[in-house]
Amino acid sequence: MNSSLLERTLSAFRTHFDVVPHCVVQAPGRVNLIGEHTDYNDGFVLPCAIGFGTLVAATRRSDNQVHVVAADYDHQLDCFDLDQPITQRSDAPWANYVRGVVVMLLEHGLPLRGANLAIAGDVPQGAGLSSSASLEVAVGQAFKSLLSLDSLDATALALLAQRAENRFVGCNCGIMDQLISARGESGHALLIDCRTLDARPVPIPAGLAVMILHSRVRRGLVESEYNTRRQQCEAAAQHCKVLALRDLDLELLLQRCADLDPVVLRRARHIVTENQRTLDAADALERSDLQHLGALMEQSHASMRDDFEITVPAIDHLVDIVSAVIGAQGGARMTGGGFGGCVVALMPLAQVDTVRAAVHAQYRSPDGEHALVYVTDASAGAGILA
């Protein structure tokens, strides 16, 4: 996390609470290297935590009030009482992520007390890099650190954060975003089994850059199309008489789904093939086989474009520009829910400037904007910063 973000967090805390915080915690955003829309199909994903995230400065109170100031929203203040029903705020959507986490911590039976919190983040908004999960996990980590809730391990924290988004905020997301934010390891991606929540750290080779390119395409249709894709996947699994599409390989899918609606079959084919690509990509990354990894990322993007139909022309063009420069030394693909957002690319550090220059010269969003380019390391998951 950068020093300016820490200073912004501490400044908001000092301004509103006029005391020194007991702790400052962080939780990162994430980028998914491969494995798109597989998480809610009980499948496999390969994300890494990134060097952008959310900081929370916190101190204990002597009462059961929670006071929260959001440095990123003009220092807007939210206050609520742990002894009273905690409801949504329609006028401050950011506050619902905080409130939702607190509700889930209480439902989990944890002994909460009042707290003062100041929150600031630098995860690019609307880019599909999981600013919401970063916020949720950071709030949970703040209460864990502040109140010494040692029984709350990283996986349990991620599950409560996901539950807050599902049940309180109202977004039916999978577990990947919260889990990588809570359990990320520096220098590693994490191969996550979204059914068992087992996770295997996969080292990212030295000298390999993780580049995130924000297309500046506003992510329209995400919620409605996400729900439609989820329903189509569930319908395919039910038709094939399996618990989830994770339980099929391509041969079995084609055997059992010959009479399935062609669109639903394409959706299922993406999930089944993407699961295998994700497993293969983790192995390729571990072997530093960048040529095979790049081919798998290319196949993943084509599957999202043609079978799952969640890319847009500007994203496809951006992937083509980056891939042409990288060649066989890495790969690029859309990352995130789709219909805009970001491209992720893996490449040798020596290629970063060349890729950046090509994108600057050849890419404009539909509104005429340059892509925003970030180069990041695989970062550690949530924890105490100070």
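Everything discussed here concerns the structure shown above.
Criteria and cut-off values
- Residues numbered from 1 in each chain as written.
- Predicted model: local features only at pLDDT ≥ 70, side-chain atom pairs only at ≥ 80, totals over all residues.
- Heavy atoms only, no water.
- Disulfide = S-S within 2.5 Å.
- Helix = DSSP H or I, 4+ residues; strand = E, 2+ residues; numbered from the N terminus.
- Buried < 20%, exposed > 50% of the residue type's maximum accessible area, 1.4 Å probe, protein only.
- Polar contact = N/O pair within 3.5 Å; in protein donor to acceptor, adjacent residues only side chain to side chain.
- Contact = heavy atoms within 4.5 Å.
- Axes fitted to C-alpha atoms, helices over the stretch in contact; angles between N-to-C directions.
- Parallel < 35°, antiparallel > 145°, perpendicular 65-115°, else oblique.
- Left-handed = near helix turned anticlockwise from the far one by under 90°.
- Nonpolar A, V, L, I, M, F, W, Y, C, P; charged D, E, K, R; others polar.
- Salt bridge = Lys/Arg side-chain N within 4 Å of Asp/Glu carboxyl O.
- Core = buried A, V, L, I, M, F, W, Y, C linked by side-chain atoms within 4.5 Å.
- Pairing = 2+ DSSP bridges.

Colleague: Could you give me a rundown of the state of the cysteines, with the residues and numbers involved?
Modeller: All chains considered together, the criterion is met by one disulfide. Each disulfide pairs two cysteine sulfurs, and for C240 the partner residue is C257, the sulfurs being separated by 2.5 Å. Taking the sign of the S-S torsion, about -85° here, the bridge from C240 to C257 comes out left-handed. Of the two residues, C240 sits in the loop between α6 (222-239) and α7 (250-256) while C257 sits in the loop between α7 and α8 (262-286), which places them 17 residues apart along the sequence. One exposure class covers both C240 and C257, and it is buried.

Colleague: Could you give an account of the side chain of R30, naming the residues involved and the relevant values?
Modeller: If you trace the backbone, R30 turns up in strand β1 (residues 23-32). The exposure class assigned to R30 is buried, which follows from its relative accessible area of 6%. Within polar-contact distance, the side chain of R30 engages the side chain of D177 at 2.7 Å. Residues in contact with R30, not counting those within four places in the same chain, are P47, C48, A49, I50, G128, L129, S130, M176, D177 and I180.

Colleague: Tell me about the packing of helix α2 (residues 93-107) against helix α3 (residues 131-147), and name the residues and values.
Modeller: Between α2 and α3, the least distance of the axes is 9 Å, while the angle of their chain directions is 45°. If you check the angle between α2 and α3, you find them oblique. Crossing hand, α2 versus α3: right-handed. Mapping the contact onto sequence places W94, Y97, V98, V101, V102 and L105 in α2 and S132, L135, E136, V139, G140 and F143 in α3.

Colleague: Help me get a handle on the packing of α8 against helix α9 (residues 290-306), residues and values and all.
Modeller: Interhelical geometry of α8 versus α9 gives an angle of 165° and a closest axis separation of 9 Å. In terms of axis orientation, α8 runs roughly antiparallel to α9. Considering how the two elements wind past one another, α8 and α9 form a crossing that is left-handed. For the pair α8 and α9, the contacting residues are R266, H270, T273, E274, R277, D280, A281, A284 and L285 in the first and H292, L293, L296, Q299, S300, S303, M304 and D306 in the second. Residue composition of the contact of α8 with α9, grouped by class: six nonpolar, six polar and five charged.

Colleague: Describe the pattern of salt bridges, and please don't skip the residues or the numbers.
Modeller: Proximity of charged atoms lets side chains of opposite charge pair with each other. Taken as a whole, this structure holds 25 salt bridges when the rule is applied. The salt bridge partner of D306 is R305, with a shortest N-O separation of 2.8 Å. In this structure R305 comes out as partly exposed when scored by relative accessible area, which is 35%. Because the salt bridges share partners, they merge into one network encompassing E36, E274, R277 and R333.

Colleague: So what's going on with unusual backbone geometry? Residues and values would help.
Modeller: If you check the backbone angles, L197 has positive phi at about 65° while not being a glycine. Tracing the backbone through its elements, the reader meets L197 in the loop between β7 (188-193) and β8 (199-203).

Colleague: Run through helix α5 (residues 176-183), naming residues and quoting values.
Modeller: Within α5, seven of the eight residues are buried, which leaves it mostly tucked inside the rest of the structure. Turning to α5, its buried residues number three or more, namely M176, D177, Q178, L179, I180, S181 and A182. For α5, the secondary structure elements touched by its buried residues are β1, β2 (44-45), β3 (47-60), α3, α4 (154-169) and β7.

Colleague: How would you sum up the nonpolar core? Please name residues and give values.
Modeller: Grouped together as the largest cluster of nonpolar side chains are 53 residues, with contacts concentrated most on V68, L105, L112, L117 and F143. Setting aside chain neighbours within four positions, we find L105 in contact with L110, L112, G140, F143, L152 and L160. Listed in part, the 45 residues of the second largest apolar core include A236, I315, M347 and A358.

Colleague: Would you mind going over the sheet that holds strand β5 (residues 76-81) in detail, with residue names and values included?
Modeller: Strand order in the open sheet formed by six strands is β5-β4-β6-β3-β1-β13, with mixed pairing between adjacent strands. Both edges of this open sheet fall to β5 and β13 (383-384), since each of them pairs with a single strand only. Of the strand pairs in this sheet, β1 and β3 are connected by nine bridges, and their pairing is antiparallel. Looking across to β3, one finds that A27 is bridged to T54. Running at roughly 145° to strand β6 (residues 115-121), helix α1 (residues 3-17) makes contact with β1, β3, β4 (65-70) and β6 of the sheet. Sitting on the sheet, α3 is in contact with β1, β3, β4, β6 and β13, with an inclination near 45° to β3.

Colleague: Give a description of the pairing of strand β9 (residues 208-214) that names residues and reports values.
Modeller: The buried fraction of β9 is high, at seven of seven residues. On β9, burial covers both faces: L208, V210, I212 and H214 on one face and A209, M211 and L213 on the other are all buried. Where β9 lies against strand β11 (residues 342-348), seven bridges are found, and the strand directions are antiparallel. The residue bridging H214 from the neighbouring strand is C342, located in β11. Relative to strand β12 (residues 372-376), β9 runs antiparallel, the two sharing five bridges. Pairing of M211 across the sheet is with V375, part of β12.

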